[in-house]
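Fold and geometry: a report
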Amino acid sequence: MYALLWLINTVINLFIYVLIASAVLSWLVAFNVVNVRNPIVAQIGEVLYRLTEPVLRPIRNLLPNLGGVDISPVILILLLLFVQRLITVDLVRFLV
């Protein structure tokens, strides 16, 4: 049980880093800092998009239009941190 909770906690941590990387890359592309015509940048962007979009799309559908500001990654990170906190509380109860 401890190993499963640790694994879920680690996967949540990794996914939060992927969300942050996706948001930063989207800002860099929007401000023309990186060129998406570069094959490596395009490939990284595609991987990040495919990993994050299935989870972010339902959140974007629930949010109202904020005029080009996308806060869905922030909401998802907060939800993931909440789930992570619940897992940590269960883990502490399990160990005690």
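Residues numbered from 1 in each chain as written. Predicted model: local features only at pLDDT ≥ 70, side-chain atom pairs only at ≥ 80, totals over all residues. Heavy atoms only, no water.

Some points on the nonpolar core
Core analysis: the biggest nonpolar cluster contains 12 residues, these being Leu5, Ile12, Phe15, Ile16, Leu19, Leu56, Ile59, Leu76, Ile77, Leu80, Ile87 and Leu91. Of all the elements in the fold, those that place two or more residues in this core are helix H1 (2-30), helix H2 (39-62) and helix H3 (72-95). (Core = buried A, V, L, I, M, F, W, Y, C linked by side-chain atoms within 4.5 Å. Buried < 20%, exposed > 50% of the residue type's maximum accessible area, 1.4 Å probe, protein only. Helix = DSSP H or I, 4+ residues; strand = E, 2+ residues; numbered from the N terminus.)

Topic: unusual backbone geometry
Apart from glycine, the bulk of residues carry a negative phi angle, and the bulk of peptide bonds sit in the trans form. Residues other than glycine seldom take positive phi values, yet Asn32 does so here, at roughly 55 degrees. By secondary structure assignment, the location of Asn32 is in the loop between H1 and H2. Residue Asn32 is classed as exposed on the basis of its relative accessible area of 68%.

Section: the pattern of salt bridges
For the structure on display, the rule yields 4 salt bridges. Arg50 is the salt-bridge partner of Glu46, the closest N and O atoms lying 2.7 Å from each other. Highlighted residues: Glu46 and Arg50, both in helix H2, separated by 4 residues, approximately one helical turn. Among the ionic pairs, Glu53 bridges to Arg57, the shortest N-O distance being 3.8 Å. Residue Glu53 and its partner Arg57 are both found in helix H2; the two are separated by 4 residues, about one turn of the helix. On the accessibility criterion, Glu53 (10% relative accessible area) is buried. (Salt bridge = Lys/Arg side-chain N within 4 Å of Asp/Glu carboxyl O.)

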